[in-house]
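Here is how the chains run, residue by residue.
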Amino acid sequence: MPQDLNLLGVDVGSVSVSVAEIDGNLEIVHSVYAFHKGEPRRCLDDLLKEFDLSSIGGIACASSTPPLVNSEGTYDDLVCLMTACRHLHGKVGSILVVGGEKFGLIRFDPQGNYLSYRENTSCAAGTGSFLDQQALRLRLKGIEELSSVASGNQGDRPQIASRCAVFAKTDLVHAQQEGYTVAGICDGLCYGLAKNIVDTVVSGTKPLAPIVFVGGVSLNSSVVRHLESLLGEKLIVDGNAAHGALGAALMLHRDLPPAKRRPWWSG
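Just so you know, these numbers come straight off a predicted model, no measurement behind them.

Parameters and conventions
Residues numbered from 1 in each chain as written. Predicted model: local features only at pLDDT ≥ 70, side-chain atom pairs only at ≥ 80, totals over all residues. Heavy atoms only, no water. Buried < 20%, exposed > 50% of the residue type's maximum accessible area, 1.4 Å probe, protein only. Helix = DSSP H or I, 4+ residues; strand = E, 2+ residues; numbered from the N terminus. Pairing = 2+ DSSP bridges. Salt bridge = Lys/Arg side-chain N within 4 Å of Asp/Glu carboxyl O. Expected span 1.5 Å × (residues − 1). Axes fitted to C-alpha atoms, helices over the stretch in contact; angles between N-to-C directions. Contact = heavy atoms within 4.5 Å.

### Section: the pairing of strand S2 (residues 16-22)
- Of all seven residues making up S2, seven are buried, and the element is well covered by its neighbours.
- Going residue by residue along S2, you find Ser16, Ser18, Ala20 and Ile22 tucked away on one face and Val17, Val19 and Glu21 tucked away on the opposite face as well.
- Two strands pair when backbone bridges link them, and strand S1 (residues 6-12) and S2 are joined in this way by six bridges, in the antiparallel orientation. Each residue of the ladder has a partner; that of Asp11, found in S2, is Ser18.

### A look at the pattern of salt bridges
- Following the criterion strictly, the structure yields eight salt bridges and no others.
- Note that Glu39 and Arg42 form a salt bridge whose closest N and O atoms lie 3.5 Å from each other.
- Here Glu228 and Lys234 are joined by a salt bridge, their closest N and O atoms 3.8 Å apart.
- Residue classification places Glu228 among the buried residues on the basis of a relative accessible area of 18%.

### Remarks on helix H6 (residues 182-201)
- Its 20 residues give H6 an end-to-end C-alpha distance of 29 Å, which sits within 8% of 28 Å, the value for a rise of 1.5 Å per residue.
- Within H6, 15 of the 20 residues are buried, which leaves the element mostly enclosed by the surrounding structure.
- A positive phi of about 55° marks Ser203, the residue just after H6.

### Focus: the sheet that holds S1
- If you walk across this open sheet you meet the five strands as S3-S2-S1-S4-S5, and the pairing is mixed. Two strands lie at the open edges of the sheet, namely strand S3 (28-35) and strand S5 (73-75), each paired on one side alone. Averaged over all pairs of adjacent strands, the angle between their axes in this sheet comes to 20°, without regard to strand direction.
- Contacting S1, S2, S3, strand S4 (56-62) and S5, helix H8 (residues 243-255) runs over the sheet at an angle of about 140° to S1.

Distances and angles like these do not, on their own, reveal function.
The structure is reproduced here in structure tokens:
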């Protein structure tokens with residue numbers, strides 16, 4: 001029956017794909033996140049295999065998503081993030097989002113009204129792509145291994161330029177020559193990335209708490225630790241990397257009542 005059909009949200013970005021399913025009570029049934037490695041359509045098709053599409057009554061997309069799937073609604077990326085964070089955490093003071101190639105800060109006033117959004121330039125320094133590139137230079141499998149290695153650092157960390165990938169490469173070589181461990185170098189990269197984020201989007205004005213940290217880089221515990229130290233504030237990290245997809249699904253729930261939902265796919 002239409003009233004029993006769930007909704008699906010899809011968010012395809014520059015490096016990753018996320019999908020989230022919600023039921024009629026706005027509860028998350030299932031969510032997934034994966035790097036698409038330049039093949040977003042293949043990645044999305046693979047992720048959709050994890051869902052029972054016969055139970056889906058509508059699909060919504062975040063606005064960055066290319067036309068890979070027929071949808072009943074497309075919603076602004078930032079509005080999707082705000083909708084998801086408010087749904088999960090209630091009133092928030094700020095949202096720090098750090099993805100594959102962009103990062104930014106959404107600010108609200110004390111009453112929870114939207115104030116502003118500040119983001120980085122087109123340069124990918126300070127993003128997940130930057131860390132992934134440096135991980136490969138260190139002969140690690142990727143950003144996940146870099147994060148794990150950095151979290152285990154017990155020694156000193158070198159200063160590594162995070163504003164420019166070219167300078168970072170030079171600093172990596174110098175750090176290795178000076179005898180820093182791989183863990184220390186990874187930790188230095190994570191610290192440099194965190195400082196670049198703070199210097200770029202905070203600019204001397206402390207974000208209003210509570211601060212929700214979202215995006216793929218929010219799963220990097222070393223970056224989280226350094227951001228909290230630099231900001232002097234505990235970050236809310238819920239471990240869900242599908243906020244954009246979740247927000248899209250929640251907004252479609254508002255716009256597509258149960259009586260208008262029809263099975264999206266019947267097999």
